[in-house]
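Report on the structure
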Amino acid sequence: MQGLLCAPPCHAHFPAGEYAFLRLFDAHGTYALAAVAERTVCAELHLEVVRPGPRAMRGMVADLELFRQRMAKKGIMRIVGLRQISDLNAASDAQAQDRWFRFTRAFGFTEQSLVQTAFLDTDARPKRHISGPENRDQVSQCRHTRE
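Structure report, in brief. All values reported here derive from a predicted model rather than from experimental measurement.

**Considerations on the pattern of salt bridges**
Pairs can form between side chains of opposite charge whenever their charged atoms are close. One pass over the structure, following the stated rule, counts 6 salt bridges. Of the charged contacts, one joins Glu-38 and Lys-74 as a salt bridge, the two residues approaching to 2.7 Å between their closest N and O atoms. Of this pair, Glu-38 sits in strand β3 (residues 29-38) while Lys-74 sits in the loop between α1 (54-73) and β5 (78-82); the two residues are 36 residues apart in sequence, bridging distant segments of the chain. Overall, the relative accessible area of 40% leaves Glu-38 in the partly exposed class.

**Quick look at the packing of aromatic side chains**
In this description, a pair of aromatic rings is defined by centroid distance and the angle of the planes. One pass over the structure, following the stated rule, counts 2 aromatic pairs. When the centroid spacing of 4.9 Å and the interplanar angle of 75 degrees are considered together, the rings of Phe-103 and Phe-107 count as edge-to-face. Between the NZ or CZ atom of Arg-23 and the centre of the ring of Phe-25, over which it lies, the distance is 4.0 Å.

**Examining the sheet that holds strand β2 (residues 20-26)**
The mixed open sheet is built from 5 strands, whose spatial order is β1-β2-β3-β4-β5. Of all strands in the sheet, those with a lone pairing partner are β1 (2-4) and β5, marking the two edges. For this sheet, the mean angle separating the axes of adjacent strands, direction not counted, is 30 degrees. The pairing of strand β4 (residues 42-49) with β5 spans 5 bridges and is parallel. Bridging across to β5, Leu-45 finds its partner in Gly-81.

**Focus: α1**
Here α1 contains 20 residues, and its C-alpha end-to-end distance of 29 Å stays within 8% of the 28 Å for a straight helix at 1.5 Å per residue. Along α1, the residues that are buried comprise Ala-56, Gly-59, Met-60, Asp-63, Leu-64, Phe-67 and Met-71. All buried residues of α1 fall inside an arc of 135 degrees around its axis, so they share one side. Turned more than 90 degrees off the buried face of α1, the exposed positions are Pro-54, Arg-58 and Lys-73. Looking at the buried side of α1, the elements it contacts are β2, β3, β4, β5 and α3 (94-106).

**Things to note about the pairing of β3**
Walk down a regular strand and you will see the side chains alternate between the two sheet faces. Counting buried residues in β3 gives 8 out of 10 residues, a clear majority hidden from the surface. Here β2 runs beside β3; their pairing, made up of 7 bridges, is antiparallel. Bridged to Arg-23 within β3 is Leu-33. What sits between the antiparallel neighbours β2 and β3 is a turn of 2 residues. Of the strand pairs in this sheet, β3 and β4 are connected by 7 bridges, and their pairing is antiparallel. If you follow Glu-38 over to β4, its bridge partner there is Ala-43.

**Re the nonpolar core**
Ranked by internal contacts, the top residues of the largest apolar core, which has 17 residues, are Met-60, Leu-64, Phe-67 and Ile-79. Among the secondary structure elements, those contributing two or more residues to this core are β2, β3, β4 and α1. Considering each element in turn, this core owes the most residues, 5 residues, to α1. Excluding residues within four positions of it along the chain, Ile-79 makes contact with Ala-43, Leu-45, Leu-64, Phe-67, Arg-68, Met-71 and Phe-109. With 5 residues, the next largest nonpolar core counts Phe-14, Tyr-19, Phe-21 and Ala-35 among its residues.

**Here we look at the environment of Thr-104**
Looking at the secondary structure, you find Thr-104 in helix α3. A C-alpha to C-alpha distance of 9.9 Å links Thr-104 and Leu-82, two positions 22 residues apart in sequence. For Thr-104, the contacting residues outside a window of four places in its chain are Phe-109 and Gln-112.

Conventions used here
- Residues numbered from 1 in each chain as written.
- Predicted model: local features only at pLDDT ≥ 70, side-chain atom pairs only at ≥ 80, totals over all residues.
- Heavy atoms only, no water.
- Salt bridge = Lys/Arg side-chain N within 4 Å of Asp/Glu carboxyl O.
- Helix = DSSP H or I, 4+ residues; strand = E, 2+ residues; numbered from the N terminus.
- Buried < 20%, exposed > 50% of the residue type's maximum accessible area, 1.4 Å probe, protein only.
- Phe/Tyr/Trp six-rings, centres within 6.5 Å; stacked < 30°, edge-to-face > 60°.
- Lys NZ or Arg CZ within 6 Å of the ring centre and 35° of its normal.
- Pairing = 2+ DSSP bridges.
- Axes fitted to C-alpha atoms, helices over the stretch in contact; angles between N-to-C directions.
- Expected span 1.5 Å × (residues − 1).
- Arc of directions from axis to C-beta.
- Contact = heavy atoms within 4.5 Å.
- Core = buried A, V, L, I, M, F, W, Y, C linked by side-chain atoms within 4.5 Å.

Pasting the structure below:
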């Protein structure tokens, strides 16, 4: 796992500061991107798989176990995995739902359910808190870092 200085495009709508962004990778490159928020008794985990396959699955199993151990040391009792489906046709597709349940069960997640959300954007512009040169460097790196 590698921490990212800013949100990757798939997690750009998550507020910086509230979420940590991670790149999961192996010798063959990135296989997933994650957004994580630590709550009072649980950790919220959003995972975007960018390179599926058996090798990536083994890496994610190892990464999740390491993440689970870190959260346990912090007193966080539960990791909540969340999935966003942007296409309503996919959301109603029984095969897509079955893949989600099989995928999460492979990692040991239980008590599964589906949650649908809808988003309404406002005209507000994102706030940037750049107080010193170290933060400007991070914003600059964020703009120039591409995979």
